Amino acid sequence: MDVAESITLHPGGLPGEAAALARTRIAAVTQDASALVEAVRIRLAGAPGRVLAQVNAEVDGRRVRVQLAARNIGEAADRLADGLGRRIRAVSASWRPRPWPAAGDRAIGVPTTGSERIVRVKSAPLVWCSPDAAVRTLDAMDYDIHLFTDPATETDAVVHRVGPTGYRLARTRPAAPPQRPATPLTLSPHPAPPLTDRQAAARLTAAELPYLFFADPVTHRGRLLYRRLDGDLALVVPAG
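In this text, all values refer to a predicted model and were calculated from it rather than measured experimentally.

Colleague: Explain the sheet that holds strand E5 (residues 118-124) to me, please; I cannot follow it from the model alone.
Modeller: Strand pairing in a sheet is mediated by backbone hydrogen bonds. Such pairs are either parallel or antiparallel. Taken together, 4 strands build an open sheet; the order of strands is E5-E12-E11-E10 and the sheet is mixed. Each having just a single partner strand, E5 and strand E10 (211-215) make up the two edges of the open sheet. Between one strand axis and the next, the sheet turns by 20 degrees as a mean value, whatever way the strands run. In this structure, E5 lies alongside strand E12 (residues 233-238), joined through 6 bridges in parallel fashion. Note that in E12 the partner of Arg 120 across the bridge is Ala 234.

Here it is in structure tokens:
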């Protein structure tokens, strides 16, 4: 089977030639990779003045993702292919902190303003893992912030980027720093603020933040609110 034919494509209403261009660029990257690249899915969507693009794949059994906004389909296809190539090389080699932001990443970027409307709520079982493992997932999946549960403290937590090669850890409750982390990690001195979803949306919007980690005031579980590339808000909550 031709590599391009094995790629699942969601064109998002864009013209057929635009979708074909993205498929061709991604197929070239996967075909030239030294690793096994499977389950490739491309999602495209048109928005005023921009194209939203995402590619998900499995590289030697590990999930990776690239997500971006571009000015046109040509730029989106090129940057999507470049980003996937970097993820493939990173997964195939020994892990190192990923430069942030990488050259060309999110040339348009996530909007800093928008409505307080939460258009999507994702209920996800949080993975119990060390902050080091959470950082690796953050990089592989092209997240700005990653919500997980820290087994050392049994608290929900997030890791996010704080500079070219640094990461920060924040928890729902105060706790001691991790023992000898393998990544350049700093610890937030403040626990996640207890907020309702509506209060969190108002705070994120007023401060023009890209994301906000907070705690449910009733359950004390961690919750993550973030602004999507299309300008709306999405919420990640622990399942169960």
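Colleague: What should I look at first to understand the packing of helix H1 (residues 16-32) against helix H2 (residues 73-92) in this one?
Modeller: The relative placement of two packed helices comes down to the angle between their axes together with the axis-to-axis distance. Viewed as axis vectors pointing N to C, H1 and H2 meet at an angle of 20 degrees, and their least axial separation amounts to 9 Å. Accordingly, the angle class assigned to the pair H1 and H2 is roughly parallel. Where H1 crosses over H2, the handedness of that crossing is right-handed. Taken together, the residues of H2 that come into contact with H1 (itself represented by Ala 18, Leu 21, Ala 22, Arg 25, Ile 26, Val 29 and Thr 30) are Ile 73, Gly 74, Ala 77, Asp 78, Leu 80, Ala 81, Leu 84, Gly 85 and Ile 88.

Colleague: Mind showing me how you'd approach the nonpolar core here?
Modeller: Burial of nonpolar side chains together is a common tendency in soluble globular proteins. By size, the foremost hydrophobic cluster in this structure holds 33 residues, and its most contacted members are Ile 26, Ile 42, Leu 44, Val 55, Leu 80 and Leu 84. Only H1, strand E2 (37-47), strand E3 (50-59), strand E4 (62-70) and H2 provide two or more residues apiece to this core. With 11 residues, the next largest nonpolar core counts Ile 145, Ala 170, Ala 192 and Leu 224 among its residues.

Colleague: Got a minute to help me understand the pattern of salt bridges in this structure?
Modeller: Side chains that carry opposite charge are capable of pairing whenever their charged atoms lie near each other. Throughout the structure, instances matching the rule amount to 11 salt bridges. For the salt bridge of Arg 87 with Asp 142, the shortest nitrogen-to-oxygen distance reads 2.9 Å. Here the residue Arg 87 occupies a position in helix H2, and Asp 142 occupies one in the loop between helix H3 (131-140) and strand E6 (145-150), the gap between them amounting to 55 residues. When sorted by exposure, Arg 87 lands in the same class as Asp 142, which is buried. Residues Asp 156 and Arg 221 are paired through a salt bridge, measuring 2.6 Å at the closest nitrogen-oxygen approach. Taken together, the residues span a long stretch of sequence, with Asp 156 in strand E7 (residues 155-161) and Arg 221 in the loop between E10 and strand E11 (222-227) at a distance of 65 residues. For Asp 156, a relative accessible area of 5% translates into the label buried. The class of Arg 221 is partly exposed, set by a relative accessible area of 31%. Connected through salt bridges with shared partners, the residues Arg 71, Glu 75 and Arg 79 form a single ionic network.

Colleague: I would appreciate a short explanation of the environment of Ala 140 in the present structure.
Modeller: Mapping Ala 140 onto the fold places it in helix H3. Relative accessible area serves as the criterion here: at 11%, Ala 140 is assigned to the buried category. It is 6.4 Å that separates the C-alpha atoms of Ala 140 and Arg 87, two residues lying 53 residues apart in sequence. For Ala 140, the contacting residues outside a window of four places in its chain are Arg 63, Val 64, Arg 65 and Arg 87.

Colleague: Explanation requested: H1 in the structure shown.
Modeller: For an α-helix, the turn length of 3.6 residues means that residues three or four places apart are oriented alike. Here H1 spans 25 Å end to end across 17 residues, near enough to the 24 Å set by a 1.5 Å rise per residue. Listed in full, the buried residues belonging to H1 are Ala 18, Ala 19, Ala 22, Ile 26, Ala 27, Val 29 and Thr 30. The buried residues of H1 occupy an angular sector of 165 degrees when projected down its axis, which confines them to one face. Those residues of H1 that are exposed and aimed more than 90 degrees away from the buried face are Gly 16, Glu 17, Gln 31 and Asp 32. In the core, the buried residues of H1 are packed alongside strand E1 (8-10), E2, E3 and H2.

Colleague: Would you explain the environment of Arg 43 in this entry?
Modeller: Within the secondary structure, Arg 43 sits in strand E2. Placed 13 residues apart in sequence, Arg 43 and Asn 56 show a C-alpha to C-alpha distance of 8.6 Å.

Basis of the calculations
- Residues numbered from 1 in each chain as written.
- Predicted model: local features only at pLDDT ≥ 70, side-chain atom pairs only at ≥ 80, totals over all residues.
- Heavy atoms only, no water.
- Pairing = 2+ DSSP bridges.
- Helix = DSSP H or I, 4+ residues; strand = E, 2+ residues; numbered from the N terminus.
- Axes fitted to C-alpha atoms, helices over the stretch in contact; angles between N-to-C directions.
- Parallel < 35°, antiparallel > 145°, perpendicular 65-115°, else oblique.
- Left-handed = near helix turned anticlockwise from the far one by under 90°.
- Contact = heavy atoms within 4.5 Å.
- Core = buried A, V, L, I, M, F, W, Y, C linked by side-chain atoms within 4.5 Å.
- Buried < 20%, exposed > 50% of the residue type's maximum accessible area, 1.4 Å probe, protein only.
- Salt bridge = Lys/Arg side-chain N within 4 Å of Asp/Glu carboxyl O.
- Expected span 1.5 Å × (residues − 1).
- Arc of directions from axis to C-beta.

These figures come from the coordinates and say nothing about function on their own.
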